[in-house]
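# Structure at a glance
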2 protein chains.
Amino acid sequence: MPDGAPPRFSLNQITARSWSLAEAVAGCAAAGVTGIGLWRDKVAETGVAEAARLCADAGLAVTSLCRGGFFTAESPAGRQAALEDNQRAVDEAAALGTDVLVLVCGGMVGRDLAGSRAMVAEGLAALAPYAAEHGVRLALEPLHPMLCADRSVLATLGQALDLAEAHPPEVVGVMVDAYHVWWDPDLDAQLARAGDRILGFQVCDWVQPPPDVLLGRALPGDGVIDLRGLRARVDAAGYTGPIEVEIFAADLWSAPGEQVLRACLDRFRDHVG
Amino acid sequence: MPDGAPPRFSLNQITARSWSLAEAVAGCAAAGVTGIGLWRDKVAETGVAEAARLCADAGLAVTSLCRGGFFTAESPAGRQAALEDNQRAVDEAAALGTDVLVLVCGGMVGRDLAGSRAMVAEGLAALAPYAAEHGVRLALEPLHPMLCADRSVLATLGQALDLAEAHPPEVVGVMVDAYHVWWDPDLDAQLARAGDRILGFQVCDWVQPPPDVLLGRALPGDGVIDLRGLRARVDAAGYTGPIEVEIFAADLWSAPGEQVLRACLDRFRDHVG
């Protein structure tokens with residue numbers, strides 16, 4: 001029997017990127033992990049139905065699906081294509097038995113930051129009814145402002161909540177990722193405001209200087225974020241759900257999955273749980 | 001006679017870092033530039049009195065002095081040393097005839113973000129009376145959140161104003177640097193709030209992805225910031241003073257000063273002025 005994982009622990013599968021979906025499911029089951037966050041490209045390896053069956057057979061709850069979003073596009077056709085892809089992502093989330101679809105909202109079109117942000121609001125409004133019909137909640141994820149230009153014009157939790165509040169809380173909420181929000185002087189106020197719109201909490205650590213803008217994230221404990229303190233603040237806002245370890249890191253992505261998962265479990269116990 | 005520089009143009013001398021102070025002053029004068037932002041390490045090359053004389057003789061207004069700050073330190077002795085260095089910076093600003101001392105407030109001590117931010121507030125409170133006595137205004141500069149850990153726990157304009165408003169507007173204000181604030185969804189509201197606390201405006205551009213967290217900045221026009229639009233928003237907040245071109249960029253720092261200044265003037269005309 002495995003020792004089991006700490007309460008609330010979930011592996012976001014991109015952290016152990018060298019694993020296929022089937023390998024990640026088997027590896028989690030072997031380690032006593034009971035939750036996994038899936039990625040659409042990995043799910044596509046087996047197809048959605050088989051991925052759902054693998055997770056169910058292994059007793060794994062799918063804690064989220066990454067990702068939809070990318071609402072910003074130069075042309076109306078591009079934005080329509082994004083909507084259709086997002087509808088497929090909703091379908092996949094529903095089929096996988098998770099009610100949380102993570103949205104990374106897209107970067108800037110040209111130099112038009114305000115216009116790009118308006119596209120996100122419009123894209124979300126177009127998608128939300130479809131998500132509601134399928135029982136999937138949309139988790140807007142603000143990314144760190146250093147990713148504003150190319151990945152997410154949604155840059156703060158407050159901005160995400162401004163968008164979310166145009167929709168019912170059972171349809172649109174937020175994903176709180178420690179890496180993206182830890183620096184925000186307004187964080188406590190926005191967490192309190194978020195309340196039951198917090199649909200997920202993801203952890204990794206910030207090393208300074210980041211060795212890479214995208215892939216420079218680190219295991220909990222290797223950086224400067226007070227993750228246990230942040231977890232307590234997220235808990236205090238009312239969130240009691242799974243905590244995913246999600247790390248974009250070149251070194252982890254090339255390491256064997258078993259080794260990565262073991263490190264995530266150890267660090268989670270020492271710095272988060 | 002030189003053609004002259006565009007109205008409000010000032011060269012922040014770190015942009016043409018290969019120039020000594022004397023070379024920068026001569027280069028600006030030759031190009032018809034009438035404002036320069038100085039750095040303390042460059043001023044130290046000649047001493048403050050000689051630097052002041054060189055600028056005055058060349059008809060150059062010193063638009064700011066960079067920089068004081070770095071209030072965060074593990075020990076009381078370290079914080080006292082920072083205060084004393086900041087007092088010397090105030091003396092230097094007064095002697096150079098500028099009333100704007102730029103403050104970069106310092107990074108995190110350990111993992112204690114809230115405690116580090118409290119140190120900044122305390123350090124500012126200790127320094128402000130000295131600055132007031134010497135007729136120097138302290139310009140709190142929020143840096144981009146990607147620099148929060150090691151350089152500035154002050155990460156947004158709103159947070160800077162929260163600090164500034166504990167002091168009279170004639171003593172403590174803010175430096176608005178396009179590179180650091182352009183992404184902020186709350187920027188317009190905070191600029192309006194800032195009003196006459198805006199003590200300076202600096203421009204450069206953001207390229208994506210930044211080739212380097214510190215030295216990856218670019219000439220106006222090479223990136224995604226709508227600098228002319230941002231200038232209009234800063235103007236609308238009531239700021240009518242000099243606009244410094246300040247660029248931390250490895251390629252510019254190794255280029256001849258004349259070439260760098262010429263590029264700054266051209267880009268300022270095309271993308272800012």
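Residues numbered from 1 in each chain as written. Chains lettered and ligands numbered in written order. Predicted model: local features only at pLDDT ≥ 70, side-chain atom pairs only at ≥ 80, totals over all residues. Heavy atoms only, no water.

### Description of the layout of surface pockets
Space inside the largest pocket adds up to approximately 750 Å³. The wall of the largest pocket is formed by 35 residues, among which W183, D184, P185, D186 and L187 of chain A lie closest to the centre. Elements with a minimum of two residues in the lining of the largest pocket: α6 (157-164), α8 (187-194) and α9 (227-236) of chain A together with α5 (113-133), α6 (157-164) and α8 (187-194) of chain B. In terms of residue class, the lining of the largest pocket is built from 13 nonpolar, eight polar and 14 charged. Reported here for the second largest pocket is a volume of approximately 290 Å³. Of all the secondary structure elements, the ones that give two or more residues to the lining of the second largest pocket are α5 (113-133) of chain A together with α8 and α9 (227-236) of chain B. Split by residue class, the lining of the second largest pocket holds nine nonpolar, one polar and six charged. (1 Å grid on protein atoms, 1.4 Å probe; cavity = no way out; pocket = protein on both sides within 12 Å on 5 of 7 lines; lining within 4 Å. Points joined across faces, edges and corners; volume = space filled by probe spheres on them. Helix = DSSP H or I, 4+ residues; strand = E, 2+ residues; numbered from the N terminus. Nonpolar A, V, L, I, M, F, W, Y, C, P; charged D, E, K, R; others polar.)

### What about the sheet that holds strand β10 (residues 243-245) of chain A?
Residue and element names in this part refer to chain A. Reading around the barrel, the eight strands line up as β1-β2-β3-β4-β5-β6-β7-β10 and close back on themselves, with parallel pairing between neighbours. Pairwise comparison of adjacent strand axes, ignoring direction, gives a mean angle of 30 degrees for this sheet. Sheet topology note: the strand β6 (residues 172-177)/strand β7 (residues 198-203) ladder contains four bridges and is parallel. Residue pairing across strands places M175 opposite G200, the latter belonging to β7. Each of β6, β7 and β10 is contacted by α9, which is oriented at about 175 degrees to β7, the strand it contacts most. (Pairing = 2+ DSSP bridges. Axes fitted to C-alpha atoms, helices over the stretch in contact; angles between N-to-C directions. Contact = heavy atoms within 4.5 Å.)

### So, the relation of the copies chain B and chain A
Expressed as a screw transformation, the operator carrying chain B onto chain A has a rotation angle of 180 degrees and an axial translation of 0.0 Å, and the superposed copies differ by an RMSD of 0.0 Å. The two molecules are tied by a two-fold rotation axis, judged by turn and shift. Taken as a fraction of all interface residues of chain B, those also at the interface in chain A reach 100%, which identifies the copy contact as same-surface. (Least-squares fit on C-alpha atoms with pLDDT ≥ 70 in both.)

### Structural notes on the pairing of strand β6 (residues 172-177) of chain B
Note on strand geometry: in a regular strand, side chains alternate between the two faces of the sheet. Residues and elements named next belong to chain B. Here β6 lies mainly inside the structure; six of its six residues are buried. Relative to β6, strand β5 (residues 137-140) runs parallel, the two sharing three bridges. For A139, the partnering residue across the bridge sits in β6 and is G173. (Buried < 20%, exposed > 50% of the residue type's maximum accessible area, 1.4 Å probe, protein only.)

### Some points on the sheet that holds strand β1 (residues 9-12) of chain B
Residue and element names in this part refer to chain B. One closed barrel accounts for eight strands, arranged β1-β2-β3-β4-β5-β6-β7-β10; its pairing is parallel. On average, each strand axis in the sheet is inclined to that of its neighbour by 30 degrees, with strand direction left out of account. Of the strands in this sheet, β2 (35-39), β3 (61-69), β4 (100-104) and β5 touch helix α4 (residues 76-96), which is tilted by about 175 degrees from β3. Its contacts with the sheet put helix α11 (residues 257-271) on β1 and β10 (243-245), and the angle it makes with β1 is roughly 145 degrees.

### Quick look at the interface of chain B and chain A
Taken together, the contact pairs 29 residues of chain B with 29 residues of chain A. Carbon and sulfur atoms make up 66% of the area that chain B and chain A hide from each other, which totals about 2,300 Å². The largest per-residue losses of area from chain B upon contact with chain A belong to R111, W183 and Q208 of chain B, which jointly make up 26% of the total buried on that side. The tally of links between chain B and chain A comes to zero salt bridges. Run the count over chain B and chain A and you get eight residue pairs in polar contact (both at pLDDT 80 or more). Residues that form the side of chain B that touches chain A fall into these classes: 16 nonpolar, eight polar and five charged. (Buried area = accessible area lost by both parts, 1.4 Å probe. Salt bridge = Lys/Arg side-chain N within 4 Å of Asp/Glu carboxyl O. Polar contact = N/O pair within 3.5 Å; in protein donor to acceptor, adjacent residues only side chain to side chain.)

### Description of the environment of P256 of chain B
Residue and element names in this part refer to chain B. On the secondary structure map, P256 appears in the loop between α10 (250-253) and α11. A relative accessible area of 43% places P256 in the partly exposed class. Along the chain, P256 and R17 lie 239 residues apart, while their C-alpha atoms are 8.7 Å from each other.

### So, the packing of α6 of chain B against α8 of chain B
All names here are of chain B. Here α6 crosses α8 at 25 degrees, and the two axes come no closer than 9 Å. In terms of orientation, α6 and α8 fall into the roughly parallel class. Of the two elements, α6 crosses α8, and the hand of that crossing is left-handed. Contacts from L157, G158, L161 and D162 in α6 reach L187, Q190, L191, R193 and A194 in α8. By residue class, the composition of the contact of α6 with α8 is five nonpolar, two polar and two charged. (Parallel < 35°, antiparallel > 145°, perpendicular 65-115°, else oblique. Left-handed = near helix turned anticlockwise from the far one by under 90°.)

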